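# What the coordinates show
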2 protein chains.
Amino acid sequence: MYDAVTAFIDNNLDDSINALIKLCRIPSVAAKNEGLEEAAALVESMLKDVGLETEIHPTSGAPVVTGWLDVGAKRTLLFYDHYDVQPAEPFNLWESPPFEPEIRNGRLYGRGVADNKGDTISRIWTLKAFKDTDTKLPVNIKFVIEGEEEIGSVNLPEYTEKNTDFLAADGGIWEFGGAGIDGRQEAWLGLKGILYVELESEHLSRDVHSSNACILPSAASRLVLALNSLKDSTSHILIEGFYDNIKQLTESELEAIKKIDLHEEQLKNVYGIDEYLNDLSGDDLKNAYYGDPTCNICGLTSGYQGKGPMTVLPARASCKVDFRLVEGMHPDDIYNKLGKHLVDAGFIDVKVTLLQGYPAAKTPINHSFVKIVEAANKRVFGDMVIHPTSPGSGPLYLFNKHVPMVSIGCGDYESKAHSPNESIVIENYRMAMHRIVAVMDEMCK
Amino acid sequence: MYDAVTAFIDNNLDDSINALIKLCRIPSVAAKNEGLEEAAALVESMLKDVGLETEIHPTSGAPVVTGWLDVGAKRTLLFYDHYDVQPAEPFNLWESPPFEPEIRNGRLYGRGVADNKGDTISRIWTLKAFKDTDTKLPVNIKFVIEGEEEIGSVNLPEYTEKNTDFLAADGGIWEFGGAGIDGRQEAWLGLKGILYVELESEHLSRDVHSSNACILPSAASRLVLALNSLKDSTSHILIEGFYDNIKQLTESELEAIKKIDLHEEQLKNVYGIDEYLNDLSGDDLKNAYYGDPTCNICGLTSGYQGKGPMTVLPARASCKVDFRLVEGMHPDDIYNKLGKHLVDAGFIDVKVTLLQGYPAAKTPINHSFVKIVEAANKRVFGDMVIHPTSPGSGPLYLFNKHVPMVSIGCGDYESKAHSPNESIVIENYRMAMHRIVAVMDEMCK
């Protein structure tokens, strides 16, 4: 089935890689509001080129690009992707420039190749294979491609709330996924929620000579005290009511988790660690992975950060903190509890700025579309590991009432999403396109 | 007395300012090991130009420049200065480029104009006034000008230990000083010691996606915990034995302190604060200012520090900390106690790097040379405030066994040493030269 389509994919792989490189050359960093319009326009033109009708939906932030093709099929497949990427800092750790993708040893390196421009192009290019081989698509197609996934999809609800009809489909492919450390493909059925805040302490009108620390308040010390009040040395979060309302993993999820091998010993080498947080292992490690919320310091800034000593009492200190939320927790609630915690603990001098927030969501592990993806994967890659949820976040909650979504993609455990030297294996990218063809085919069975 | 000399100073003020600007254009930042040789060479040539014999003493770091002129006088006056400056970061807060000095409203702005290139040039230029007016100097002159004051004079002992004879003098002028908030000149008789360390935590081989915070250790959280263990919310330092061995202020010092007005209400406006640390005021504030050691965060670094959110679990976090030490405390002892504290508290993962350290020192408040400086100041500026010690640090301990030193200079309370927009009042700079002439004269009475 669809041999001409898959042959086209294989024979024109270089062209599809070039299309990916073209998109990756645009440094569409949502956190910096850079390159977003340009990336949206390129994605839209690519959708048009493969025969889709398209629309650019303006929002208060980056536009949402949609594309659709109704071939009169019984089933409809929806793709959710994003054209924005994480910042590429720290730049000095990249072996090749982040926005000048480079191929080395069968991998393509560059910011966004894994998360998620590679997936985006692989999906569009699969449609090109159908078009250029004059093969009729077995399903109707919808694309929702946003430009603020990496900053919490802050304006995506402006689009989704007005376009719920468009979101209705028989199955949906979420943005990311790939091969685990054992080489098997992985699918993710859920995403944790997130609350991202910046904490800031400012105590002086300017940085002063540090000899004055004997009589002047220190913004950095106040921030350290405030951060320290948020969690204990085991990372247990001390904000009152933080763990209230958590919806525990279901019996079927726990059962599925028991069978999953996280390859904890091998992953220690990947991360360069001797032990996991709190020396977690086995079921405890897995339960934390799928079921625990977090409070993580993404960045700390204060005073002098250059070489050698500078004796300064900094006027300002700030910190970026992300909380990963599990089902049952709501970002507004946690944000309010965080604010109350800081006030109650006397940190009225620590300002909290909300940068993003949305709740967790999952597709039921027993849904028929999950079986379809599993069957399609088997035809191309073989057995697959199905995770009830990812420890990461995404705005799945905006979609999962309308369409069962499964996250698969062309990445792998060495893809370094959000880190320097992000990359994909080109062979995985090729086969991921074959798998999309197989998903379409399986949907019609 | 010496009217020709002071007239020369006044009539050639622009030339002396130009000499200062020339020195300030060299970004001699010791923390970055930049521009030091160049600044040393310029300072030496300036000393030669005013008739001194000179020598450049190599050390393991920046060279020490000395200059001397034996006119066969009974008394000898020694100057201690430094040609290095603090880093100019953060650059964006400077109203004019830090290394391109600019005059605005009677002030000269630039890195080092106050600390302490202005003082250095004013002292050299005073000698030029004697030379160019063919006036015999009333005292013999010695200069010790080092290039690593801002990084703790780490290599100065290599010079001082081999040249104790050169350090012997009847009086010495230390590097800094100036007008307080009430306009009166201030002299400083002592300097606190310092221990400057960098604390560093590293837990992963690379930054990773922050969703992994549920199972991976966080370098930033470990650093925050370690920092938090060093002092409590009142800034009381929790390192065992930290306060042992402290030599309390003497009766005469306490008596002198009682008479000093720190102008605490006015200084609140200067610093932009509503209250001092721990709401200190009155005698408590003064005792903390002159008598308390500190543990201050000079800088904090980890993870993403750019705009907006980036969801990363940083591999590394570091912090620069300075401890100001009072008499009786020794940096080696405190460094050892800090190391023991971290190990005992379980922070074997926090690496400590020693960046600088030396003990405190003071000139006795009743020393005759203090009276000489006070009398000289009275002739030029009027009454002066004499502080038993500065809350700041300097390598006075290397000198005060050989020469009684008093710190006076051309700065003022708005000079912003170590901060952006460092500046001096040009009129203070001019009068500081007159005062040096008066000190020489008073030494001969």
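Owing to the predicted nature of the structure, the values given are computational and were not obtained by experimental measurement. (Residues numbered from 1 in each chain as written. Chains lettered and ligands numbered in written order. Predicted model: local features only at pLDDT ≥ 70, side-chain atom pairs only at ≥ 80, totals over all residues.)

### Observations concerning the sheet that holds strand E4 (residues 102-104) of chain A
Neighbouring strands of a sheet are bound in pairs by backbone hydrogen bonds; such pairs are parallel or else antiparallel. All names here are of chain A. Across the sheet, three strands lie side by side as E4-E5-E21; this open sheet has antiparallel pairing. What marks the edges here is a single partner per strand, and that holds for E4 and strand E21 (423-425). For this sheet, the mean angle separating the axes of adjacent strands, direction not counted, is 25°. Of the strand pairs in this sheet, E4 and strand E5 (residues 107-109) are connected by three bridges, and their pairing is antiparallel. By the bridge assignment for E5, Glu-102 is matched with Tyr-109. (Pairing = 2+ DSSP bridges. Helix = DSSP H or I, 4+ residues; strand = E, 2+ residues; numbered from the N terminus. Axes fitted to C-alpha atoms, helices over the stretch in contact; angles between N-to-C directions.)

### Description of the sheet that holds strand E13 (residues 296-303) of chain B
With antiparallel pairing, the eight strands of this open sheet are ordered in space as E16(A)-E11(A)-E15(A)-E13(A)-E13(B)-E15(B)-E11(B)-E16(B). Each edge of the sheet is formed by a strand with only one pairing partner; in this case those strands are strand E16 (350-358) of chain A together with strand E16 (350-358) of chain B. Neighbour to neighbour, the strand axes of the sheet diverge by 15° on average, direction disregarded. Where strand E13 (residues 296-303) of chain A lies against strand E15 (residues 316-325) of chain A, six bridges are found, and the strand directions are antiparallel. Opposite Ser302(A), over in E15(A), you have Ala317(A) as the bridge partner. Against the sheet, helix H11 (residues 331-344) of chain B makes contact with strand E11 (193-202), strand E15 (316-325) and E16 of chain B, and its axis sits at roughly 170° relative to E16(B), the strand it touches most. (Contact = placed C-beta atoms within 7 Å.)

### What to know about helix H2 (residues 13-24) of chain B
Residue and element names in this part refer to chain B. Given a rise of 1.5 Å per residue, 12 residues ought to cover 16 Å, and the 16 Å separating the end C-alpha atoms of H2 matches this to within 8%. Of all the positions in H2, only Ser-16, Ile-17, Ala-19, Leu-20, Leu-23 and Cys-24 are classed as buried. On an axial view of H2, the arc spanned by its buried residues comes to 155°, and they lie on one face. Along H2, the residues that are exposed and aim more than 90 degrees away from the buried face are Asp-14 and Asp-15. Against helix H3 (36-49), strand E5 (107-109), helix H4 (113-132) and helix H13 (426-443) lie the buried residues of H2. (Expected span 1.5 Å × (residues − 1). Buried ≥ 20, exposed ≤ 12 C-beta atoms within 10 Å, placed from the backbone. Arc of directions from axis to C-beta.)

### Things to note about the relation of the copies chain B and chain A
The two copies are related by a screw motion: chain B maps onto chain A through a turn of 180° and a shift of 0.0 Å along the axis, at an RMSD of 0.1 Å. Taken together, the rotation and translation describe the operation of a two-fold axis. When you check the interface residues of chain B against chain A, 100% turn up at the interface there too, and the contact is symmetric in its surfaces. (Least-squares fit on C-alpha atoms with pLDDT ≥ 70 in both.)

### Here's the deal with the interface of chain B and chain A
On the side of chain A, 76 residues touch chain B, which itself brings 76 residues to the contact. Within the residue set of the side of chain B that touches chain A, elements represented by two or more residues are strand E12 (208-209), helix H7 (219-230), helix H10 (282-291), E13, strand E14 (312-313), E15 and E16 of chain B. Per-element accounting of the side of chain B that touches chain A gives the leading share, eight residues, to E13(B). Of the residues assigned to the side of chain B that touches chain A, the class counts are 36 nonpolar, 30 polar and 10 charged. Relative to E13(B), E13(A) runs antiparallel, the two sharing five bridges. Bridging from a neighbouring strand, Gly299(A) pairs with Gly303(B) of E13(B). (Nonpolar A, V, L, I, M, F, W, Y, C, P; charged D, E, K, R; others polar.)

### A word on the domain arrangement of chain A
All names here are of chain A. Here chain A is partitioned into domain 1 (3-192 + 361-443) and domain 2 (193-246 + 293-358). For domain 1 versus domain 2, the distance between C-alpha centres works out to 34 Å. Across the side of domain 1 that touches domain 2, the residue classes break down as five nonpolar, three polar and two charged. (Domains from an automatic or database assignment.)

### Examining the packing of H4(B) against H13(B)
All names here are of chain B. As a packed pair, H4 and H13 sit with axes 9 Å apart at the nearest point and diverge in direction by 50°. Between H4 and H13, the crossing angle belongs to the class labelled oblique. For the crossing formed where H4 meets H13, the hand is right-handed. Taken together, the residues of H13 that come into contact with H4 (itself represented by Gly-118, Ser-122, Arg-123, Trp-125 and Thr-126) are Tyr-429, Ala-432, Met-433, Ile-436 and Val-437. Its residues assigned to classes, the contact of H4 with H13 shows six nonpolar, three polar and one charged. (Parallel < 35°, antiparallel > 145°, perpendicular 65-115°, else oblique. Left-handed = near helix turned anticlockwise from the far one by under 90°.)

### Section: unusual backbone geometry
Residue Pro90(B) is bonded to the preceding Glu89(B) through a cis peptide linkage, with omega at -5°. Following the sequence through the fold, Pro90(B) ends up in the loop between strand E3 (76-82) and strand E4 (102-104). The omega torsion across Asp115(B) and Asn116(B) is -10°, close enough to zero to call that bond cis. Summarising the element assignment, Asn116(B) is placed in helix H4. For Asp134(A), which is not a glycine, the phi torsion comes out positive at approximately 55°. By the element assignment, Asp134(A) lies in the loop between helix H4 (113-132) and strand E6 (140-146). Owing to 7 C-beta atoms within 10 Å, Asp134(A) belongs among the exposed residues under this scheme.

### A word on the pairing of E6(A)
Residue and element names in this part refer to chain A. Burial analysis of E6 places six of its seven residues in the buried class, the great majority of the element. Summarising the sheet, strand E2 (residues 64-69) and E6 pair through five bridges and their orientation is antiparallel. In the strand pairing of E6, Leu-69 is matched with Ile-141. Sheet topology note: the strand E3 (residues 76-82)/E6 ladder contains seven bridges and is parallel. Residue pairing in the sheet places Leu-77 in a bridge with Ile-141 of E6.

### Quick word on the environment of Glu161(A)
Residues and elements named next belong to chain A. Relative to the assigned elements, Glu-161 resides in the loop between helix H5 (156-160) and helix H6 (164-167). Taking the number of C-beta atoms within 10 Å as the measure of exposure, Glu-161 has 9 and is therefore exposed. Placed 237 residues apart in sequence, Glu-161 and Leu-398 show a C-alpha to C-alpha distance of 8.2 Å.

### Quick notes on the nonpolar core
One recurring pattern in soluble globular proteins: nonpolar side chains tend to sit buried together. Membership of the largest hydrophobic core comes to 274 residues, with the highest contact counts inside it found for Leu223(A), Val406(A), Val439(A), Leu223(B), Val406(B) and Val439(B). Excluding its chain neighbours within four sequence positions, the residues that come into contact with Leu223(B) are Leu199(B), Ser201(B), Ser302(B), Ala317(B), Cys319(B) and Val350(B). (Core = buried A, V, L, I, M, F, W, Y, C linked by C-beta atoms within 7 Å.)

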